Amino acid sequence: MTAQEIRDALDSWSRLNTANHPGISEVQAACPHDCPDTCAMRVHVEGGRVVAVKGDPTHSLTAGTLCTKVSRYAERTYHPDRLKTPMKRVGKKGEGKFAAISWDEAYDAISERLAEIWRRDPQAILPYSYAGTMGQVQGEGMAGRFFHALGASLLDRTICSSAGGEGLRLSMGASIGMDSEAIEGAKLILLWGTNPVTSHVHLWAKIQKAKRAGAILWAIDPYRSDSAERCHHHLALRPGTDVALAYAIAHVLQRDGLLDQDYIDKYTKDAERFLSVAAEWSPARAAVWCDVTEAQIEALAMAYGSTRPAAIRLNYGIQRHASGGDAVRAVMALPALAGHWRDASGGAVLSTSGWAPRCSGVSRPDLLGGCTPRMINMSTIGDALNTGDKPLQALLVYNSNPVAVAPDSSAVRRGFAREDLFTVVLEHFQTDTADYADILLPATTQLEHFDIHSAYGHVHVLLNRPAIAPLAQARSNSRIFRELAQRMAIRLGNSCPALSDPALAASDAEIAYDAFEWMHPAFADEVVPQLFAQGHTRLNAAQGAPFAEGGFRTDDARFHFADDALNESLPKVRPNHEDWRSSRATRYPLQVISPPPRHLLNSSFGNVASLSALNGPPSVLIHPHDAAARGIVSGQAVRVFNDRGSHQVQAEVSDRARLGVVVVFSVFWHKGTSGGDSCNVVTGQALTDHGGGATFYDCLVDVEVVT
Ligand SMILES: Nc1nc2c(c(=O)[nH]1)N[C@H]1C(S)=C(S)[C@@H](COP(=O)(O)OP(=O)(O)OC[C@H]3O[C@@H](n4cnc5c(=O)[nH]c(N)nc54)[C@H](O)[C@@H]3O)O[C@H]1N2
Ligand SMILES: Nc1nc2c(c(=O)[nH]1)N[C@H]1C(S)=C(S)[C@@H](COP(=O)(O)OP(=O)(O)OC[C@H]3O[C@@H](n4cnc5c(=O)[nH]c(N)nc54)[C@H](O)[C@@H]3O)O[C@H]1N2
Ligand SMILES: [Mo]
């Protein structure tokens, strides 16, 4: 298709057209959530109202079914608590008392205050956003243009995947890996720091297919997750010790002659340096470090060195610790040593996002006009709001709920409570963060706006056509930032000419066009026509065994075991920030991890009643010995606490938790818990080794009965 044909097709997809279809109609959509599956959806509309949201049977991963959460998307959309009008704060910060105002009043109030702050210092303004929607249009498409035109401080979006992303960049050159769907042909599958039954549920169907065909499944996870429970083997290592385990596997491969020397010589760089460190990490030594048995490591390494095809599915759970980036580098090294990249169903994958030819220019960094604003790490927003000699004065939050999801909630709340901070929140609901807004704006959901998506757990691109008109007075993020740009341009005039750039008036379809390199080979042949014909398409990428002959995105196309630009060029075994053998552990002897429960999506479904019923109340899994030592029995109310805070939950005594490690599920809204504090009151703001990532699962606590 020509560029003009693509633009026209996007324009047509961006329009609501159910009005043309009397009676029941089916609208093609994409799931917006932050999940590797990025499902294709069919939205059933009857008389202008959505009656059902279903999985698209023609999309290979979605295969006609949605997860329980998103099949309730209509319930979430029509929820009585949806924000209906713009509102301004009338109570104290955090109290959550608001009065309705008109859109004009809201824009006036925001533009007046932002202009005043901007005149003193544009960098006193900060966007705060993450992946409430992963769409290119409602994500940074227009919002990024707005903040770049203003020259606002930049947000380093580190809260989820930046350590792993940097680990991939250092070793593979980009966020690429095997096609996750090819896992169904593997004979050995390592689920390493991932719980697909919960957090990547459509992949589970592929894994089951492999299992039925004889594949052996290993889970490498500190607790017996729903996925680990269904594996043949489970290695319950201490959180944050994966680098040592990977070195020990490499140790056995080398010791037992299981290396693919031909692959190493032709397609990798610095393997001998990696292997010389591995030589020091015998299974016996790693067993002590990881707190597992030597026999388990030997068995895992032997299986890995002698089974083909062998696939490793990692996910971001592995990298929320001090060594998160190095854990990813060390695990990705294993298929390069054993030559598993030669097989279409072998290799490893953390993210597939780099296969999609996305344009980073969609948010128009060129509008900065050459200036380089400071970068603020979203994972330390607590510190950023409370310290520093040039304090932030304005925060615009969209697609995120930082008061609940960012680490060290007490610091975050203290920052948000600052009387001199001007906070605007774009939301569907009055979340914990919305409670602190000065101006709260009602945003549209995926059923009410247009978007285009690529994915991080498969290699498809998907369209989302709006199914219904915006509810009440909701407006899409893109529209809100477009309109705010106009207001700001009037106020600031010639002092901020970038606000009058045509990029800030672009339609949603034009933003979608700008989001991808449409002439890239990944879009060749029938890929683009198919996108517009059925609403989703598989890219020409990651076919077969993409790294069978190198082809990594590093400068020399080889896999890199080391990087000499770093202080520590090889992956390093280091203790956690909050190490279980440290003096801090005498006060707080238990490690805590806080992975997602099945029926929450970060904090996004925190208020959907039918899902809350399925999740049950916030709980902690604690090993019977750790429970007995504290006089804890199942069903009791307990406190999970440290010097940063205390989170009240219900105890579930179970050997699904290993000794010394408790599991609290997250992220519940603070105000949805019995004590008013959710799990991030205990997590800290220390960062990962690479990528400045959050270290949610690197945390020491103790647990006691609530008396
Ligand atoms: N239902 C549901 N699905 C989701 C989400 C959700 O909230 N709910 N969140 C989505 C998002 S944003 C993301 S990033 C992905 C996350 O997807 P995953 O990374 O799969 O999710 P997590 O549950 O964070 O981590 C997976 C597993 O890693 C384990 N783990 C923790 N620490 C370690 C460690 O040090 N080493 C090893 N080997 N394992 C460890 C945890 O116990 C957990 O079982 O899921 C997405 N999908
Ligand atoms: N303790 C602990 N904390 C964690 C994690 C953990 O495992 N443990 N996981 C971390 C991870 S992996 C992640 S990714 C982060 C996630 O953190 P966030 O990205 O903040 O995700 P959500 O909590 O789902 O909040 C997204 C918000 O965006 C809103 N939203 C959705 N669509 C739109 C839209 O179109 N417009 C607007 N304006 N708003 C919209 C939703 O209503 C929701 O309130 O949390 C992190 N926090
Ligand atoms: Mo995430």
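Every residue gets a number counted from 1 within its own chain, in the order that chain's sequence is written. Going through the entries in the order they are written, you letter the chains from A and number the ligands from 1. Two thresholds apply to this predicted model, a pLDDT of at least 70 for residue-level local features and 80 or more for giving and counting side-chain atom pairs, whereas whole-chain, interface and lining totals are computed over all residues. The side-chain quantities take in all heavy atoms of the structure and omit both hydrogens and water.

What's the story with unusual backbone geometry in this structure? I'm lost.
The bulk of non-glycine residues show a negative phi, and the bulk of peptide bonds are trans. The amide bond that connects Arg308 to the next residue, Pro309, takes the cis arrangement and shows omega of -15°. Backbone torsion omega between Ser666 and Val667 reads 5°, so that peptide bond is classified as cis. Note that Val667 resides in the loop between β26 (661-664) and β27 (700-705). With a phi angle near 55°, Ala542 is a residue other than glycine that sits in the positive phi range. Put simply, DSSP marks the helices as runs of H or I at least four residues long and the strands as runs of E at least two long, and each gets a number from the N terminus on.

Even after reading the chapter, I still don't get the packing of helix α10 (residues 242-255) against helix α12 (residues 271-278), so can you show me in this structure?
When two helices pack together, their arrangement is given by the angle between the helix axes and by the axis-to-axis distance. Axes here mean lines fitted to C-alpha atoms, for a helix over just the part in contact, with angles spanning 0 to 180 degrees between N-to-C directions. Where α10 contacts α12, the two axes come as close as 8 Å, and the packing angle between them is 100°. By the criterion of interaxial angle, the relationship of α10 to α12 is roughly perpendicular. The segment α10 lies against α12, with Tyr247, Ala250, His251 and Gln254 engaging Phe274, Leu275, Val277 and Ala278. Under the convention adopted here, Pro, Cys and the residues Ala, Val, Leu, Ile, Met, Phe, Trp and Tyr are nonpolar, Asp, Glu, Lys and Arg are charged, and Gly plus all remaining residues are polar. Grouping the constituent residues of the contact of α10 with α12 by class yields six nonpolar, two polar and no charged. Between 65 and 115 degrees an angle is taken as roughly perpendicular, under 35 as roughly parallel, over 145 as roughly antiparallel, and anywhere else as oblique. Between two residues, a contact is recorded if the distance between any of their heavy atoms is within 4.5 Å.

What is the right way to read the domain arrangement of the protein chain from this model?
Quoted interface sizes are often the accessible area lost when the parts come together. We note that the domain assignment places domain 1 (167-350) and domain 2 (583-705) within the protein chain. When each unit is reduced to the centre of its C-alpha atoms, the spacing between domain 1 and domain 2 is 27 Å. In this complex, domain 1 contributes 25 residues to the contact, which on the side of domain 2 involves 25 residues. Summed over both partners, the accessible area (1.4 Å probe) lost when two parts come together is defined as the buried area. Between domain 1 and domain 2, a total of about 2,000 Å² is buried, with carbon and sulfur atoms accounting for 49% of that surface. Considering only the surface of domain 1 that becomes buried against domain 2, Tyr223, Arg224 and Arg320 emerge as the three largest contributors, covering 32% of it. A side-chain nitrogen of Lys or Arg and a carboxyl oxygen of Asp or Glu constitute a salt bridge if their distance falls within 4 Å. One can count three salt bridges joining domain 1 with domain 2. Among the ionic pairs, Arg224 bridges to Asp655, the shortest N-O distance being 3.3 Å. In this entry, domain limits derive from an automatic or database-based domain assignment.

I'm lost on the site of ligand 2 in this one. Help?
Neighbouring ligand 2 are 32 residues; Arg76, Ser400, Glu427, Ser603 and Ser604 lie closest to it. Pairs of N or O atoms are called polar contacts if they sit within 3.5 Å, as long as, within protein, a hydrogen donor faces a hydrogen acceptor (for residues adjacent in sequence, only side-chain-to-side-chain pairs). Contact distances for ligand 2 include 2.5 Å between an oxygen atom and a side-chain N or O atom of Glu427. One of the side-chain nitrogen or oxygen atoms of Ser666 is found 3.1 Å away from a nitrogen atom of ligand 2. Only the protein chains shown count as cover for residues, and all accessible areas are computed by the Shrake-Rupley method using a 1.4 Å probe. Its free accessible area being 920 Å², ligand 2 has 97% of it covered by the protein chains. Within the shell around ligand 2, the residues separate by chemical class into 12 nonpolar, 16 polar and four charged. If even one non-hydrogen atom of a residue comes within 4 Å of a molecule or strand, that residue is called near it.

Just checking my understanding: could you explain the packing of aromatic side chains for this structure?
The description of an aromatic ring pair rests on the distance of the ring centres and on the angle between the ring planes. Pairs were defined over the aromatic rings of Phe, Tyr and Trp, the Trp ring being its six-membered one, requiring ring centres within 6.5 Å. Orientation was assigned from the angle between planes: stacked under 30 degrees, edge-to-face over 60, tilted for the rest. Under the criterion given, the structure shown has 25 aromatic pairs. Geometrically, the ring pair formed by Trp518 and Phe523 is stacked, given 4.8 Å between the ring centres and 25° between the ring planes. Taken individually, Trp518 and Phe523 each receive the classification buried, so the pair is uniform in this respect. Note on Phe559 and Phe561: the rings are 5.0 Å apart at their centroids and 70° apart in plane angle, and the pair reads as edge-to-face. With respect to burial, Phe559 and Phe561 carry one shared label: buried. Put simply, the rings of Tyr247, Phe274, Trp341, Trp355, Phe547, Phe552, Phe559 and Phe561 pair up and form one aromatic cluster. Our definition puts a charge over a ring when NZ of Lys or CZ of Arg is within 6 Å of the ring centre and also within 35 degrees of the ring normal. Lying over the aromatic face of Trp289, Arg581 brings its terminal NZ or CZ to 4.2 Å of the ring centre. Only protein chains enter the accessibility calculation, which uses a 1.4 Å probe; a residue is then buried when its area is under 20% of its type maximum, exposed when over 50%, and partly exposed in between.

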